[in-house]
Amino acid sequence: MVKANLNFSKLPQRYLFLDIAKRVAAFSEKHPDADIIRMGIGDVTRPLAPAVIEAMHKAVDDCAASATFHGYGPERGYLWLREAIVKGDYAPLGVQMNPDDIFINDGAKSDTGNIGDVLAPGTTVGITDPVYPVYVDTNLMRGNLIKYITCSAENDFTGDIPKEKLDVVYLCYPNNPTGAVITRNKLKQWVDYALETGALIMYDSAYEAFIRNPKIPHSIYEIEGARQCAIEFRSFSKTAGFTGVRCGYTVIPQNLKVKDERGQAVNLNALWERRQSCKFNGASYISQCGALAVYSEQGRAQTKATIDYYLETAQIIRECMQEIGLNPQGGENAPYIWAQTPGSMDSWDFFDMLLEKAQVVITPGSGFGPAGQGSFRITSFADRQRTIEAMNRIKSLIKHA
Ligand code: PLP
């Protein structure tokens, strides 16, 4: 008889955001007139930039005529988009990148989850905690061994460099959920650790466009040696509102090698190309044309204005959390604000209290890992007026509790 993958039994019962949706739906059913404000989601809410819309309209028109029609695209994505990424994202950082280091995809979630295909099963994986749940869940599905790297105010939410040897380390900065960023110096310590121990770093910089402090690195490749030990994931989702359009990219430097079980060096770029050409058919021509428009002068200005809007909203949330003494972190170079529950209340109890008494939805910190207990995440991907209303409700609830 065919056997199911038993590793799935090690996963949390439900995906965090499904759990939240269920609780909110149950509350709505009981209170159909409740005016619920959702500050929990990580999805963008502002429309796409006009430059992107225009480019995608044109791409649809291209597909309406035989002479300009586009079917299956190249395995790594269109060269014109990869060249724009090299020029637009890496050259300004002083990072030399080759278009063949880059693989266009349908967003960072798939690749952060699928990248394990090119590594041996049974890998020991270090994952910062609290964390975007996809890294933990996908590694559990493969039967890998997870070692949590606790992130707290004591280590600026960037983890202590492990004493033990890990095969793989996942880092995400600016961070989801804590909104923390990593300094150049600390990132260098992680790169040095990887070079010394032979570990591979999976660096998720899906939120790099939110960085406003010029001292904070946007890419791990700004650190010397990273091309020998790191893969980087980027996305147009949060940079340019592509959560529904779908386009992102993964960087695997052409000289990045790991050893196979026989001790022989294997080129990961070549392995990933083999994997992608077998299992993936690329982001659509239309999405890639939209992504290219992000690098135009207008596209840049328009997407920056949208991120500025979210960052201003984040500031409003931070100030409210500060005022009521919930010790906010993040929100300055990231869309997320991480705060402590009052009196170290359990994260889900605080979630339920806010839903029932203020009709505001946040994300309970414990849903992001054990170190998230006693904390919660609020997103700035929300309407400005609704955010102000939500903050007023939370303020009045906490002040009168
Ligand atoms: N990485 C992080 C840290 C995220 O928070 C998210 C989405 O919330 C993703 C990746 C996935 O983004 P995408 O829409 O590109 O799949």
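Visitor: What exactly am I supposed to notice about the sheet that holds strand E15 (residues 375-379) here?
Guide: Whenever strands of a sheet pair, they do so through backbone hydrogen bonds, lying parallel or antiparallel. Read across the sheet, four strands follow the order E11-E12-E15-E14 without closing on themselves; strand pairing throughout is antiparallel. On the outer flanks of this sheet lie strand E11 (329-330) and strand E14 (363-364), each paired with one strand and no other. Here five bridges tie strand E12 (residues 336-340) to E15, and the two strands are oriented antiparallel to one another. The partner of tyrosine 336 across the bridge, within E15, is threonine 379.

Visitor: Is there a simple way to explain the environment of alanine 283 in this structure?
Guide: Within the fold, alanine 283 resides in the loop between helix H8 (268-279) and helix H9 (285-293). Its relative accessible area of 9% is what places alanine 283 among the buried residues. In sequence terms alanine 283 and glutamate 75 are 208 residues apart; their C-alpha atoms lie 9.8 Å from each other. In this structure, alanine 283 is in contact with Ile104, Asn105, Asp106, Arg246, Cys247 and Gln288, ignoring residues within four places of it in sequence.

Visitor: Where do I start with the domain arrangement of the protein in this structure?
Guide: Bring the parts together and some accessible area is lost; that lost area is often taken as the interface size. Domain assignment breaks the protein into domain 1 (6-47 + 298-399) and domain 2 (51-296). Taking only C-alpha atoms into account, the centre of domain 1 sits 26 Å from that of domain 2. Across the domain 1 to domain 2 interface the summed buried area is about 3100 Å²; carbon plus sulfur atoms make up 61%. Our count for the domain 1 to domain 2 interface comes out at one salt bridge. Aspartate 308 is the salt-bridge partner of arginine 212, the closest N and O atoms lying 2.9 Å from each other. Elements represented by at least two residues in the side of domain 1 that touches domain 2 include exactly helix H10 (297-323), E11 and E12. It is H10 that provides the largest number of residues to the side of domain 1 that touches domain 2, a total of ten residues.

Visitor: Got a minute to help me understand the packing of aromatic side chains in this structure?
Guide: Each aromatic ring pair is summarised here by two numbers: the centre-to-centre distance and the angle between the ring planes. As enumerated under the stated definition, the model contains 20 aromatic pairs in all. Taking 4.8 Å as the distance between ring centres and 5° as the angle between the ring planes, the aromatic pair formed by tyrosine 78 and tryptophan 80 counts as stacked. One aromatic cluster is present, built from ring pairs that chain together Tyr207, Phe210, Tyr309, Tyr310, Tyr336 and Phe381. Seen from the ring of tryptophan 348, arginine 23 lies directly overhead, with NZ or CZ sitting 4.0 Å from the centre. A cation over a ring is seen here: arginine 46 above tyrosine 309, with NZ or CZ 3.8 Å from the ring centre.

Visitor: Help me understand the side chain of asparagine 139, please; the structure alone is not making it clear to me.
Guide: Inspection of the secondary structure assignment puts asparagine 139 in helix H5 (residues 133-141). By relative accessible area, asparagine 139 is classed as buried at 4%. There is a polar contact of 2.8 Å between the side chain of asparagine 139 and the backbone oxygen of tyrosine 135. For asparagine 139, the contacting residues outside a window of four places in its chain are Val125, Ile127, Asn144, Ile146 and Tyr170.

About the thresholds
- Residues numbered from 1 in each chain as written.
- Predicted model: local features only at pLDDT ≥ 70, side-chain atom pairs only at ≥ 80, totals over all residues.
- Heavy atoms only, no water.
- Pairing = 2+ DSSP bridges.
- Helix = DSSP H or I, 4+ residues; strand = E, 2+ residues; numbered from the N terminus.
- Buried < 20%, exposed > 50% of the residue type's maximum accessible area, 1.4 Å probe, protein only.
- Contact = heavy atoms within 4.5 Å.
- Domains from an automatic or database assignment.
- Buried area = accessible area lost by both parts, 1.4 Å probe.
- Salt bridge = Lys/Arg side-chain N within 4 Å of Asp/Glu carboxyl O.
- Phe/Tyr/Trp six-rings, centres within 6.5 Å; stacked < 30°, edge-to-face > 60°.
- Lys NZ or Arg CZ within 6 Å of the ring centre and 35° of its normal.
- Polar contact = N/O pair within 3.5 Å; in protein donor to acceptor, adjacent residues only side chain to side chain.

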